[in-house]
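Here's the letter readout for the chains.
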Amino acid sequence: MTRLAEARIWPLLAFALLVGLQAALLMAALGGMSESPQWEAVVPMLAFGALAFTVLLAVGVTGSLSRAQARARRAQLTLEEAIDALPASVEIFDHEDRLVAFNRRLVEIYPHMLRAFQRKATFEDLVRESLERGGIPEARGREDEWLQERKESRGRQTGPLLQRVHDDMWLRIFECRTQSGGIVGVRMEVTDLIHEQQSLAASRAQLKATIEAAGNGILTLDSGGHVLEVNPSTEQLFGFSAAELQGVHIGMLFGNNGDLMHPQELLGAPRELTARHRSGERLALQLTVAEVRTDTIHLYVCIVTDFTERQRQEERLRRANELLARQSTTDGLTGVGNRRLFDQLLQQEWQRGTRSGRPLALLMVDIDHFKQYNDRYGHVAGDDCLRRVATLLRSCVGRGSEAVCRYGGEEFAMLLVDTDLNGAQVVAQRCLDSVRLAAIEHEGSPVRRSVSLSIGVAACIPDTATPSQRLIETADRALYDAKQGGRARLICQQFA
Ligand SMILES: Nc1nc2c(ncn2[C@@H]2O[C@H](COP(=O)(O)OP(=O)(O)OP(=O)(O)O)[C@@H](O)[C@H]2O)c(=O)[nH]1
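Residues numbered from 1 in each chain as written. Predicted model: local features only at pLDDT ≥ 70, side-chain atom pairs only at ≥ 80, totals over all residues. Heavy atoms only, no water.

Visitor: Quick question: what am I supposed to make of the nonpolar core here?
Guide: The tendency in soluble globular proteins is for nonpolar side chains to be buried as a group. Core analysis: the largest hydrophobic core is formed by 33 residues, its most contacted members being Leu363, Val389, Leu393, Phe412, Met414, Leu453 and Ile455. Elements supplying a minimum of two residues to this core: β11 (360-367), α13 (370-377), α14 (379-395), β13 (411-417), α15 (421-438) and β14 (453-460). A total of 7 residues in this core trace back to one element, the largest contributor, which is α15. (Core = buried A, V, L, I, M, F, W, Y, C linked by side-chain atoms within 4.5 Å. Buried < 20%, exposed > 50% of the residue type's maximum accessible area, 1.4 Å probe, protein only. Helix = DSSP H or I, 4+ residues; strand = E, 2+ residues; numbered from the N terminus.)

Visitor: What should I look at first to understand the packing of aromatic side chains in this one?
Guide: The geometry of an aromatic ring pair comes down to the distance between the two centres and the angle between the two planes. Inspection of every chain in the model, using the stated rule, returns 6 aromatic pairs. Residues Phe238 and Phe254 carry aromatic rings whose centres are separated by 5.8 Å and whose planes lie at 85° to one another, so their mutual orientation is edge-to-face. Placement of the pair is Phe238 in helix α8 (residues 232-238) and Phe254 in the loop between α10 (250-253) and β8 (271-276), with a sequence separation of 16 residues. Taken individually, Phe238 and Phe254 each receive the classification buried, so the pair is uniform in this respect. Taking 4.6 Å as the distance between ring centres and 45° as the angle between the ring planes, the aromatic pair formed by Tyr373 and Tyr377 counts as tilted. With a gap of 4 residues between them, Tyr373 and Tyr377 both fall in helix α13, about one helical turn apart. Looking at Tyr377, the relative accessible area reads 26%, which means it is partly exposed. One aromatic cluster is present, formed by Phe370, Tyr373 and Tyr377 through successive ring pairs. Positioned above the aromatic ring of Phe93, the side-chain terminus of Arg154 is 4.6 Å from the ring centre. (Phe/Tyr/Trp six-rings, centres within 6.5 Å; stacked < 30°, edge-to-face > 60°. Lys NZ or Arg CZ within 6 Å of the ring centre and 35° of its normal.)

Visitor: What's the story with the site of the ligand in this structure? I'm lost.
Guide: Of all residues adjacent to the ligand, which total 18 residues, the nearest are His369, Phe370, Asn374, Asp383 and Arg406. At a separation of 2.7 Å, an oxygen atom of the ligand approaches a polar backbone atom of Phe370. Here a nitrogen atom of the ligand and a backbone polar atom of His379 are 3.2 Å apart. Protein chains bury 67% of the 660 Å² of accessible surface belonging to the ligand in isolation. Sorting the residues of the shell around the ligand by element identifies β11, α13 and α14 as the ones contributing at least two each. Classifying every residue of the shell around the ligand gives 4 nonpolar, 6 polar and 8 charged. (Near = heavy atom within 4 Å. Polar contact = N/O pair within 3.5 Å; in protein donor to acceptor, adjacent residues only side chain to side chain. Areas by Shrake-Rupley, 256 points an atom, 1.4 Å probe, with all protein chains shown as cover. Nonpolar A, V, L, I, M, F, W, Y, C, P; charged D, E, K, R; others polar.)

Distances and angles like these do not, on their own, reveal function.
In structure tokens:
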């Protein structure tokens, strides 16, 4: 700290000696004026006594004054040391705005300004010198204007000033006026704090940009589950603006459960929920909720993934697969099951029969003299005839169309589950009757003038020791017998 004015002891001592001398001289004068002999002896003694008393007094006063002065000096030194030890700079300007005192830290901040500080320069001169050196980056290019503003606001600021100096140092400046019209200034370096704030601001800006650009909906909720903020994807997702969504309860957005849904219940693993777009369109959404709880805030962050389109695509794919599966087991011409389906069903039902002990029956159905039909009416008509017969056969079984399959050419196989030979015979007869009643013209048939069928019927209780192929062979044999027996008939063959 620069020295303040020192107290002077020597003038006081000189004054005391002067008073003593004058008293002695007065006594001597009084001695001269009196001619009395008794005075002659007393006056010099009195004068000497006054002088001695004065000297003693002066010595005593001087001693106590020096001690007081030493104490004051020590106190001042302690104060100066304390102010010098402060991490902040201290500067004191008098009523003419001249720098009259400052501490070491101020010199550390502005080392090149030491001379100006020492010559008690005014605040304006100091600032001007700093500006000339380019020490205040924010003022560059508008130095005069900046100085004017600084002077006008000096000592009037309601809060601290933030100033950047030497390109890389940030100071927080507190200034206040003293009663005598001076100004006391304190400068604290806050470079670290500002750098932290800057990096925090950069992170925030980055986070904001990420949230804004995110393809997912991101929204924050207050502790009660009401919307605070949403990103553009959320607006797009629901068809409502951020302003419209603000304050809406999460329960109103997801699943229409109203206030029943609380974000606390949604914490943890992602959940699949449904919601409605403004247009009323149903949305399939995945919602992930995280809680943010600190000493000062309690809120929830929600990430919303829209999988409506994915769900639609999955549904389309499922249907396509179903269609493909159906097509792979369906006969393209007649719409009944194909040979592949028949083979699958036979295996499946054979195994089921072995477990359940229930009978399984098979009808092998063949259109009589179909070659003649084709020859007479053509293949297109032949195809049409096959379709009509398939439809008729299907109408004769009540347990699902899969039981009717095109075995090959103009031959059909009908697999009847839980059906014994009698039951199968009934179905076979129904098929014969149905085709007869349909009276599909077949002029070339030697049997009758309409399409007729021959059917071989076989039934058994499947067992693991017997191959399912045996059922086909048996039904085939019965069909052969029916053909041999004159066609347009059914033959039941006991399973051997
Ligand atoms: N239009 C048409 N004809 C087919 C199809 N598949 C097989 N055929 C015909 O069916 C006929 C079967 O003839 P065959 O095996 O001799 O038997 P069929 O003439 O019915 O004589 P039987 O069975 O002994 O009464 C052949 O002429 C084949 O061309 C088809 O998908 N469409």
